[in-house]
Amino acid sequence: MHKLLAGQSARRMFLLGNEAIARGAVEAGLAVGATYPGTPSSEISNALFEMSRESDLYFEYSANEKVALEVAAAAACSGLRSMAIMKHVGLNVAADPLLTLAYLGVKGGMVVVTADDPLMFSSQNEQDNRYYGKLAGIPVLEPSSVEEAKEMVRYAFDLSEKVGEPVLFRTTTRINHSTGVVTPGELLPVKTTGDFEKDPFRWVPIPAVARNLHVKLLKNLEEAKRLSETCGYNFTVGGGTWGIICNGVSYNYVSDGIKDLGIEDRVRILRIGFSHPLPEKLIKTFLAGCEKVLVVEEGEPYMEEAVKAFAQEEGLTIPIKGKAPDLLSRLYEFDPAMVRKAMAAYFGVSYTPAVLPDLSDIPEIPQRPPNLCAGCSHRASFYIVKKAAEGMQTIYPSDIGCYTLGILPPLEMADYLLCMGSSLGAGCGFSKSTDKKVISFIGDSTFFHSGIPGLINAIFNNHNMTLVILDNGTTAMTGHQPNPGVDMSTLNLSGYGRVSIEEVVRGVGAPFVTVIQPLKVKKSIEAVREALAFKGVSVVISRQICTLYAKALKLDSKRTFRISDRCKGHRNCIDELGCPAFFSKDGKVQIDAGLCAGCAVCAQICPENAIIPAKD
Amino acid sequence: MNTTRLIIVAVGGQGNLLASSILGEAALLSNIPVRMSEIHGMAQRGGVVESAMLFGDGASTVISDGEADVLVGFEPSETLRALKKCNKDTVVVTNLAPLPPFTVAIGKGVYPDLAKLQELIRAKTGKLIAVDAMELAKQAGSTLAVNMVLLGATMQTGKIPVSPENVKEAIRTKVKQAFVEINLKAFELGFAAARTGRS
Ligand code: SF4
Ligand code: SF4
């Protein structure tokens, strides 16, 4: 049995935040879950997908976040408990249905998980998704710890049913990827079959209907506000006259910090866990008892601005600060020392910070950026395209996936990136705005997610560009989740369809399509040359399974290569391919047999044919 | 109860996530409050993986610069890179077997000299325990047991408020049956090597 399906009597577990969230959802009787994977949210979905194979839960990897949210919305409108899980930028994709879903409302509890990523450990921006709650007019909950996350998810479903709206469950990386001790709770029975009652004047927001629905939404929001005022997740601790209002992980740094500073009896903390709508009365009462207030929140001054407005309404002139050059930043994530320092400065408490070691005499340490795996087919594809495009002035719009790592030397094959699918839209724009040859790269999962409309656009408007679809048969970056192109029978799963990228590309009318096998270097270069010479939209599908995934499925070749004494030290392999299995020893290139994945690409580009299969 | 702050830095694939989850499990067995946070987004692509573990009272799961009580580095240059987490009292445990990053191979950086590296760490922290975890792992029977060697060395410092017995118990429950013996042996070898400070 899956460890997260253990009954209430199971002993306490040491769980990842994301596992705790999955457990909370299962305890609440989750019936339908849908996601598009994205760090730092992915492990929630991994766990739910695994559990769905041995329980009543239905869980799917949807084509993108918008679809996932719509799947969950329909389930909730049919009276089932549902969840849509995504990373923060995924909610941009799902924003369209979310904002109207708020008008329609839900019957069964629906929770939308948005995993924000302050400091951008694995994201292209650090947007603060609390504003989506405000924009849509739906409740927002934010846990401060792993333990609390599990409890709060359960509450989120109840809250959603009480208010009749989806609830935004907002985490940050330090919740998702923290681990803590969790006590399992009761598993509620799952209601697996819902019923959709036809009522077009509720579910079909044509203008006349939508005008009424907006009135209903504002009423629901009033109810949510009433609940926020008394919700146990908005609480006060301590009793001094220095006030601190905080949320999420900042609450931990504040609690630890006031102890470190020895100001426990001077400080009163208002921890906000239900952050939209904010508990106005609670905050106003809190302010009335304070002589000055510090707002500690990562990201944008979401609470700070509201708190200042509340103070103004009350005619309070006490100092209220948060984001300021000498206090707290809108940038990145906080840490305990940062918050301690801000509290000490704001409240005028003396404090000796930890003495950092003097690092001035430390030699420069070579960087260790993440790199495409040894034997990664993307490396081969990049090399092939680079060779085929030799002598051309090129622009390489890239997309989101492992292949974005192609940005690094020696490949340097990523010139522009906005978001999922942007290699196509931006490629269209570049083809009209410059005289350069546009060659866009997109992965299989990203192509299904949001590449197809861009391709249709390119074909319709007859843009002159080449699209290279890097089809490695999985969603590699986030940990090898399935996508619509995956043959699910290789995972011993039945009952799935399968979408062929080639048929999609031909079906929408791409005028030039070629499929390459990137581990065959010479042949592939020829094929790509032809594609590049084509005027109009040409599509290259580069098909080769992700090496890491192949290893996990035990489909890897098991052979390795070595450099023989025919090597004359041209260093083409290391300088042009940059496979991490290469290293230099005493000025000679060598291959680490423990890393080599046996792709044989280096062997094909060595001018001396010096790279040969290793025999053991 | 005081808070003990432990940072583990490693290169993706070195098994530090298993080591930290074993420590967490051992803390659970010992009834010691424990929290941890990990940055492992790109672990499998050869990047740096960092775990912060906090034992005892408190709520934070992050350790600020200068505030680690113990720093464990699975790779020498990564230990050096993480030195900003230390202060003059920090106990540092490092592996001495280097895994030079790819940037060195393509000529974008020079790997630090190992003797100088130890000298620097020793001068700036409370204590340095350096072991060739790769060599000891081989002795134990598997190059993959580097993590258990370092876990053993870390437990020998006496800085982690968990008993070595509970760590061994957690190894027995968390590690695949076939590897338990090798892992326990690696743990013991690391523990013993830390006593002398070298392998
Ligand atoms: S996980 Fe797969 S796609 Fe990603 S870098 Fe490794 S081999 Fe390439
Ligand atoms: S065959 Fe060459 S390019 Fe392929 S993984 Fe081995 S060393 Fe790297």
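## Re the overall build of chain A
Here is step 1 of the chain: When helices and strands are counted, chain A shows 21 helices and 23 strands.
Here is step 2 of the chain: Taking 2.2 N^0.38 as the reference for a compact globule, 616 residues should give roughly 25 Å; the C-alpha atoms of chain A span a radius of gyration of 27 Å, in line with that estimate.
Here is step 3 of the chain: For chain A, the C-alpha atoms occupy an extent of roughly 80 × 70 × 55 Å along the three principal directions.
Here is step 4 of the chain: Buried positions account for 59% of the 616 residues belonging to chain A.
Here is step 5 of the chain: By sequence separation, contacts in chain A at least 24 residues apart represent 79% of the contacts at least 6 residues apart.
Here is step 6 of the chain: Accessible area for chain A stands at about 25100 Å²; split by element, carbon and sulfur atoms hold 54% of it.
Here is step 7 of the chain: Measuring between centres, the 63 positive side-chain charges of chain A sit 4 Å from its 67 negative side-chain charges.

## Details of the side chain of Ser123 of chain A
Residues and elements named next belong to chain A.
Here is step 1 of the chain: Locating Ser123 in the fold gives a position in the loop between strand 5 (110–116) and helix 5 (130–136).
Here is step 2 of the chain: Residue classification places Ser123 among the buried residues on the basis of a relative accessible area of 16%.
Here is step 3 of the chain: Of note is the side chain of Ser123, whose polar atom sits 2.7 Å from the side chain of Asp117.
Here is step 4 of the chain: What Ser123 contacts, discounting residues up to four positions off in sequence, is Thr39, Lys87, His88 and Asp117.

## What about the packing of aromatic side chains?
Geometry of an aromatic ring pair is reported as the spacing of the ring centres plus the angle between the planes.
Residues and elements named next belong to chain A.
Here is step 1 of the chain: Per the counting criterion, the structure on display carries 15 aromatic pairs over all chains.
Here is step 2 of the chain: Judged by centre distance (5.0 Å) and plane angle (70°), the ring pair of Phe49 and Tyr61 falls under edge-to-face. Here Phe49 is found in helix 2 (residues 42–52), whereas its partner Tyr61 is found in strand 3 (residues 58–61), with 12 residues between them in sequence.
Here is step 3 of the chain: Under the relative-accessibility criterion, Phe49 is labelled buried at 10%.
Here is step 4 of the chain: Both rings, one in Tyr131 and one in Tyr302, keep their centres 5.3 Å apart while their planes meet at 85°; by these two values the pair is edge-to-face. On the criterion of sequence distance, the pair formed by Tyr131 in helix 5 and Tyr302 in helix 12 (residues 302–313) is long-range, its members being 171 residues apart.
Here is step 5 of the chain: Judged by relative accessible area, which is 28%, Tyr131 ranks as partly exposed.
Here is step 6 of the chain: On the basis of relative accessibility, which here comes to 4%, the residue Tyr302 falls in the buried class.
Here is step 7 of the chain: The positively charged end of Arg266 is found above the aromatic ring belonging to Trp242, 4.0 Å away from the centroid.
Here is step 8 of the chain: The residue whose ring lies beneath Lys292 is Tyr346, and the NZ or CZ to ring-centre distance is 4.3 Å.

## Examining unusual backbone geometry
Residue and element names in this part refer to chain A.
Here is step 1 of the chain: At the junction of Thr39 and Pro40, the peptide bond is cis and its omega measures out at 10° in the coordinates.
Here is step 2 of the chain: By secondary structure assignment, the location of Pro40 is in the loop between strand 2 (32–35) and helix 2.
Here is step 3 of the chain: Residues Pro409 and Pro410 are joined by a peptide bond in cis, for which omega reads 5°.
Here is step 4 of the chain: Tracing the backbone through its elements, the reader meets Pro410 in the loop between strand 15 (394–395) and helix 15 (422–433).
Here is step 5 of the chain: Phi is positive for Met120, which is not a glycine, with a value near 55°.

The rules behind each value
- Residues numbered from 1 in each chain as written.
- Chains lettered and ligands numbered in written order.
- Predicted model: local features only at pLDDT ≥ 70, side-chain atom pairs only at ≥ 80, totals over all residues.
- Heavy atoms only, no water.
- Helix = DSSP H or I, 4+ residues; strand = E, 2+ residues; numbered from the N terminus.
- Rg over C-alpha atoms; globule rule 2.2 N^0.38 Å.
- Buried < 20%, exposed > 50% of the residue type's maximum accessible area, 1.4 Å probe, protein only.
- Contact = heavy atoms within 4.5 Å.
- Areas by Shrake-Rupley, 256 points an atom, 1.4 Å probe, with all protein chains shown as cover.
- Lys, Arg positive; Asp, Glu negative; His and termini not counted.
- Charge placed at Lys NZ, Arg CZ, Asp CG, Glu CD.
- Polar contact = N/O pair within 3.5 Å; in protein donor to acceptor, adjacent residues only side chain to side chain.
- Phe/Tyr/Trp six-rings, centres within 6.5 Å; stacked < 30°, edge-to-face > 60°.
- Lys NZ or Arg CZ within 6 Å of the ring centre and 35° of its normal.

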